[in-house]
Amino acid sequence: MSIKEVQSLPGFREFYPESCAVRNYIFDMWRNVAHRYGFAEWEGPVLEPTDLYRRKSGDEIAGQLFCFEDKGGRDVSLRPELTPSLARMAVAKQREYKKPLRWFEIGACFRYEKPQKGRLREFYQFNCDMLGESAPAIDAELIALAIDVMTGFGFTKEHFAVRLSDRNIWKRFMQEAGVPEENETTLLQIIDKLERTRPDVLDTQLQAIGTSLAAVQEFTASKAETEAVTTVRQQLEARGFGDFVSVDLSIVRGLAYYTGVVFEIFDCQGDMRAVAGGGRYDNLAKLIGGSDMPAAGFAMGDVVIGNFIEETPVAKAKLDAYVKAASELDAYVIVASEERRPDALGIVQKLRSAGLRVDFALTAAKVGKQFQSAEQRNARLAVIVGDEFPEVSIKNLTTREEVKTTSDGVVEAIQHALA
RNA sequence: GUGACCGUAGCUCAGUCGGUAGAGCCCCGGUUUGUGGUACCGGUUGUCGCGGGUUCGAGCCCCGUCGGUCACCCCA
């Protein structure tokens, strides 16, 4: 059977070392920034009862769920996002943790959709959440974290922007415009699509629920703020992040469970795609069957941010530097004389014990070949072990300088040469 | 789910008017045996995605299918 007869599934990922290094770069950045904000890492199940997602989002998302029946007849789904599992876990052990919780997860998520740019069937989400606190300070904290991730990747205010809003502002609009309360969900769905629907269609839809496109446009232009938005904005300004943030009432987020402040991070170079998004979900814990627990969070996906990094030269340069460093070898031990292989192995091991990254030729090969291998393996130094043993040579593969040392002093000499 | 475009060597691709395939890169070996990146020489490589049809003859034309890319839809 040829290898092609069993292909990987569409939209699922295979990480060869090069792309795995890129992935790790993104993960490291996420993890490091989260740690700087005092967040603890957690992980939930990859497979969940389908009900967990139906309950909070409604049946209309079932078509995008990667769901199937397991051998026990259970209706199960690969997680399409991390928040519902988080809400359940946090509710279950609510009393065991001091509030607010600062939790983050990096986990694979799955959505059954046609793969295309920025969207695959398998992707990683970085999810940061704070639970058990209703003050807008946590919204500001989360947005600050997201901004630090972006600047960590090398992005500046020329590249991205945070658009901030509050779903509750539309309640005010509905009262002022006389839109019946039961139309709230419909209104928010229309607002969510403000930028990608034709104006005449929008107007028709809005007329149907008792308002008009003109009224909506006038309202968004007012840049009205709720108290929460004002607080968040001021706290971000106090951190020096004011340049990144602007109020945009058309941001309401698609998810049904958001209840208050919402925000999205946009790529303002290209097509204004959202690279991260989140907000308040004070009712989710209750929806899932727990007691009330105010909460907020955001998610960032590896595919979109990966594309964004690749397309932005300053960010790409940082990524490349990381990838190069990750593949680098401190030393390549050259067995110049086969009789000295045991001694060479001793040195290899000694260097590895000292924490250095070391490789060597496993089988007899000409010295020239071994140098070539050292070069190709991206080694900084070559350690030549030959007939002169216990004298060994250390050659800097960049400067071509060569120094001699002894077997006993080789670790120190290498560390010195690498410094 | 809908649509457009694309599938030829491990990779990037060429292949004319239908006459059973080629280049570059990569990889391996060599340029007289203990010092690398260049150069030169040599070598391996294909069910032309798969299945059917038209034809004396299909990589090329037609149908289907699978896969890929992009867009729409949707976006948790």
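Computed from a predicted structure; not experimentally measured.

Moving on, we get to the nonpolar core. Membership of the largest hydrophobic core comes to 74 residues, with the highest contact counts inside it found for W30, F126, F153, W170 and I305. Ranked by the residues each element gives to this core, the list is headed by helix α4 (residues 137-152), at 10 residues. In contact with W30, not counting residues within four places along its chain, are I106, Y124, Q125, F126, V149, F153, M300, G301, D302 and I305.

The subject of this paragraph is the pairing of strand β6 (residues 122-131). In terms of burial, β6 is largely enclosed, as 10 of its 10 residues are buried. Residues E122, Y124, F126, C128 and M130 of β6 are buried on one face, and the alternating residues F123, Q125, N127, D129 and L131, pointing to the opposite face, are buried as well. Two elements, strand β5 (residues 101-110) and β6, share 10 bridges in a ladder whose sense is antiparallel. The residue bridging L101 from the neighbouring strand is L131, located in β6.

Now for the domain arrangement of chain A. Each assigned domain of chain A is listed with its residue range as follows: domain 1 (3-168 + 226-320) and domain 2 (329-418). Measuring from the centre of the C-alpha atoms in domain 1 to the corresponding centre in domain 2 gives 46 Å.

With that out of the way, let us pick up the packing of helix α1 (residues 17-36) against helix α11 (residues 302-311). For the pair α1 and α11, interaxial distance at closest approach is 11 Å and the crossing angle is 105 degrees. Accordingly, the angle class assigned to the pair α1 and α11 is roughly perpendicular. Along its contact with α1, which presents Y25, I26 and W30, the element α11 presents D302, I305, G306 and I309. Each residue belonging to the contact of α1 with α11 can be placed in one class, and the counts come to five nonpolar, one polar and one charged.

Another aspect to go through is the protein's contact with RNA strand B. Surveying the vicinity of RNA strand B reveals 32 residues, the closest of which are Q64, P80, L255, E375 and R400. Atoms of RNA strand B within 4 Å of the protein belong to the sugar or the phosphate in 42% of instances, the rest to bases. Taking R119, its side chain carries an N or O atom lying 3.0 Å from a base oxygen of RNA strand B. Among the elements that make up the surface near RNA strand B, the one with the highest residue count is helix α14 (residues 367-376) (five residues). Taken together, the residues of the surface near RNA strand B sort by class into eight nonpolar, seven polar and 17 charged.

Further remarks concern the sheet that holds strand β12 (residues 329-335). Read across the open sheet, the five strands follow the order β13-β12-β14-β15-β16; overall the sheet is mixed. With partners counted over all chains shown, the strands left at the sheet margins are β13 (358-360) and β16 (402-406), one partner each. Strand-to-strand twist in this sheet, taken as the mean axis angle between neighbours without regard to direction, amounts to 25 degrees. Sheet topology note: the β12/β13 ladder contains three bridges and is parallel. From the neighbouring strand, A331 faces β13, where its bridge partner is V358. This element, α14, spans β12, β14 (379-385) and β15 (391-396) of the sheet and lies at about 170 degrees to β12.

Tallied over the full model, the rule gives 27 salt bridges. Notably, a salt bridge pairs E141 with R102, separated by 2.8 Å at the nearest N-O pair. Taken together, the residues E141 in helix α4 and R102 in strand β5 connect sequence positions 39 residues apart. Since its relative accessible area comes to 13%, E141 is described here as buried. Owing to a relative accessible area of 25%, R102 belongs among the partly exposed residues under this scheme.

Taken as a whole, helix α6 (residues 184-192) has its buried residues at L187, L188, I190 and I191. All buried residues of α6 lie within an arc of 160 degrees about the axis, which places them on one face of the element. The secondary structure elements touched by the buried residues of α6 are α5 (169-177), α7 (199-208) and α8 (213-222).

Spatially, the eight strands line up as an open sheet ordered β1-β5-β6-β11-β10-β9-β7-β8, and their pairing is mixed. Strand pairing shows two members of the sheet lacking a second neighbour, β1 (40-41) and β8 (245-247), which therefore form its edges. Contacting β5 and β6, helix α3 (residues 83-92) crosses the sheet at an angle of about 35 degrees to β6. Set on the sheet, helix α9 (residues 227-238) makes contact with β7 (160-166), β8 and β9 (261-267); between it and β7 the angle comes to about 150 degrees.

Moving on, we get to the environment of A374. Tracing the backbone shows A374 in helix α14. Considering only alpha carbons, one finds A374 and D359, 15 residues apart in sequence, at a separation of 8.2 Å. Not counting residues up to four positions away in its chain, the partners in contact with A374 are Y332, A379 and L397.

Our focus in this paragraph is the confidence of the model for chain A. Close inspection of predicted coordinates is inappropriate for parts of the model with low pLDDT. Per-residue confidence for chain A averages 89 on the pLDDT scale, and 96% of its residues sit at or above 70. At the low end of the mean pLDDT range in chain A sits helix α2 (residues 51-57), at 75; at the high end sits α4, at 97. Interface confidence for the predicted complex, given as ipTM, is 0.83, next to a pTM of 0.91.

Turning to the packing of aromatic side chains, a few remarks are in order. Per the stated rule, a full pass over the model turns up 22 aromatic pairs. Taken together, a centroid distance of 5.1 Å and an interplanar angle of 50 degrees make the contact between Y257 and Y258 tilted. The class of Y258 is buried, set by a relative accessible area of 7%. Taken together, the ring pairs connect F15, F27, W30, F104, Y124, F126, F263 and F298 into an aromatic cluster. Positioned above the aromatic ring of F15 is the side chain of R23, whose terminal nitrogen or guanidinium carbon lies 4.6 Å from the ring centre.

So, how was this worked out
- Residues numbered from 1 in each chain as written.
- Chains lettered and ligands numbered in written order.
- Predicted model: local features only at pLDDT ≥ 70, side-chain atom pairs only at ≥ 80, totals over all residues.
- Heavy atoms only, no water.
- Core = buried A, V, L, I, M, F, W, Y, C linked by side-chain atoms within 4.5 Å.
- Buried < 20%, exposed > 50% of the residue type's maximum accessible area, 1.4 Å probe, protein only.
- Helix = DSSP H or I, 4+ residues; strand = E, 2+ residues; numbered from the N terminus.
- Contact = heavy atoms within 4.5 Å.
- Pairing = 2+ DSSP bridges.
- Domains from an automatic or database assignment.
- Axes fitted to C-alpha atoms, helices over the stretch in contact; angles between N-to-C directions.
- Parallel < 35°, antiparallel > 145°, perpendicular 65-115°, else oblique.
- Nonpolar A, V, L, I, M, F, W, Y, C, P; charged D, E, K, R; others polar.
- Near = heavy atom within 4 Å.
- Polar contact = N/O pair within 3.5 Å; in protein donor to acceptor, adjacent residues only side chain to side chain.
- Salt bridge = Lys/Arg side-chain N within 4 Å of Asp/Glu carboxyl O.
- Arc of directions from axis to C-beta.
- pLDDT = per-residue confidence, 0-100.
- Phe/Tyr/Trp six-rings, centres within 6.5 Å; stacked < 30°, edge-to-face > 60°.
- Lys NZ or Arg CZ within 6 Å of the ring centre and 35° of its normal.

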